[in-house]
Structures are given as structure tokens and as C-alpha cells.
Amino acid sequence: MFGKKKNPSVEKPAEKPTPAYLREDYPYQAIGDAITDLDSLESGLLYEIKCNQCEMSLRSQGQNIKKTYERLKENGCLGCGNKDLVVRKVDMSVAPKQEKAE
């Protein structure tokens, strides 16, 4: 009589959907060879740090990615503790162009 009612019409999904950035058709993929010289990173470009073991991925711009990468190399991946991480440039060529305000 008293207490919470259970709603039988609400069902939990059997499987969580895959996030858009993990799908193969996601337009902003990391491209090229792994970057080993972190001093060559450009400040206005987007980069990705990816763990080869658990597929964890972090994205940030230029010098921010350098600081994050150095922390992760010291402490290991946030997901699995693996220290084998790869830095790649993210292809933003399909991003919509912003018009300059005049």
C-alpha cells in the first residue's frame, strides 16, 4: 500500500549505445603516425592521447596535451594503468568553418 510504485513499462536497455566519437564514421578521427617529439606540438591544433590497451582517449589542444601526457606517462592510464600511450593529431578538416563577425 505504501512505498514506491514500480513502473513495469520502463525497461533498462540491454546494452549501452556506443559514443559517437568511438564510431568509425565519426568525422574527427586521430590521424597520422604517433607523435614522439612533444616539443613539435602546435598550440592551436587538437591532439589525442590514446591507450593501446583499454582504448581510453583524451583530447586537448597543443601544450595542454603535453602536460597531460607527461602526467599519464608517470602515473599510467586512467582506465588500466598502462604506460604505453600514443599521441596523434586530430583531423579537424571536416569541422564547419566559423564566419568572422564584421
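Up top is the structure these notes are about.
Heads up: these notes are all about the structure in this document. As the structure is a prediction and not an experimental result, all values here were calculated from the model.

Approximately 170 Å³ is the volume found for the largest pocket. Along its surface, the largest pocket is lined by Tyr21, Leu22, Arg23, Glu24, Gln29, Ala30, Glu48, Lys50, Ser57, Arg59 and Arg88. Among the elements of the structure, strand 2 (46-51) and strand 3 (57-61) are those that each provide at least two residues to the lining of the largest pocket. Looking at the lining of the largest pocket residue by residue, the class counts come to three nonpolar, two polar and six charged.

Glancing now at the nonpolar core. Leu38, Leu41, Tyr47, Ile49, Cys51, Met56, Ile65, Tyr69, Leu72, Cys77, Leu85 and Val87 form the largest nonpolar core, which has 12 residues in total. Contributions of two or more residues to this core are made by strand 2, helix 1 (62-75) and strand 4 (85-90). Residues in contact with Ile49, not counting those within four places in the same chain, are Met56, Ser57, Leu58, Ile65, Thr68, Tyr69, Leu72, Leu85, Val86 and Val87.

Another point: the environment of Lys83. Here Lys83 shows up in the loop between helix 1 and strand 4. Residue class for Lys83 comes out partly exposed when judged on its relative accessible area of 43%. Between the C-alpha atoms of Lys83 and Lys73, which are 10 residues apart in sequence, the distance is 5.4 Å. Residue contacts for Lys83: discarding those within four places in its chain leaves Lys73, Glu74, Asn75 and Gly76. Separated by 3.0 Å, the side chain of Lys83 and the backbone oxygen of Glu74 make a polar contact.

Rules and cut-offs
Residues numbered from 1 in each chain as written. Predicted model: local features only at pLDDT ≥ 70, side-chain atom pairs only at ≥ 80, totals over all residues. Heavy atoms only, no water. 1 Å grid on protein atoms, 1.4 Å probe; cavity = no way out; pocket = protein on both sides within 12 Å on 5 of 7 lines; lining within 4 Å. Points joined across faces, edges and corners; volume = space filled by probe spheres on them. Helix = DSSP H or I, 4+ residues; strand = E, 2+ residues; numbered from the N terminus. Nonpolar A, V, L, I, M, F, W, Y, C, P; charged D, E, K, R; others polar. Core = buried A, V, L, I, M, F, W, Y, C linked by side-chain atoms within 4.5 Å. Buried < 20%, exposed > 50% of the residue type's maximum accessible area, 1.4 Å probe, protein only. Contact = heavy atoms within 4.5 Å. Polar contact = N/O pair within 3.5 Å; in protein donor to acceptor, adjacent residues only side chain to side chain.

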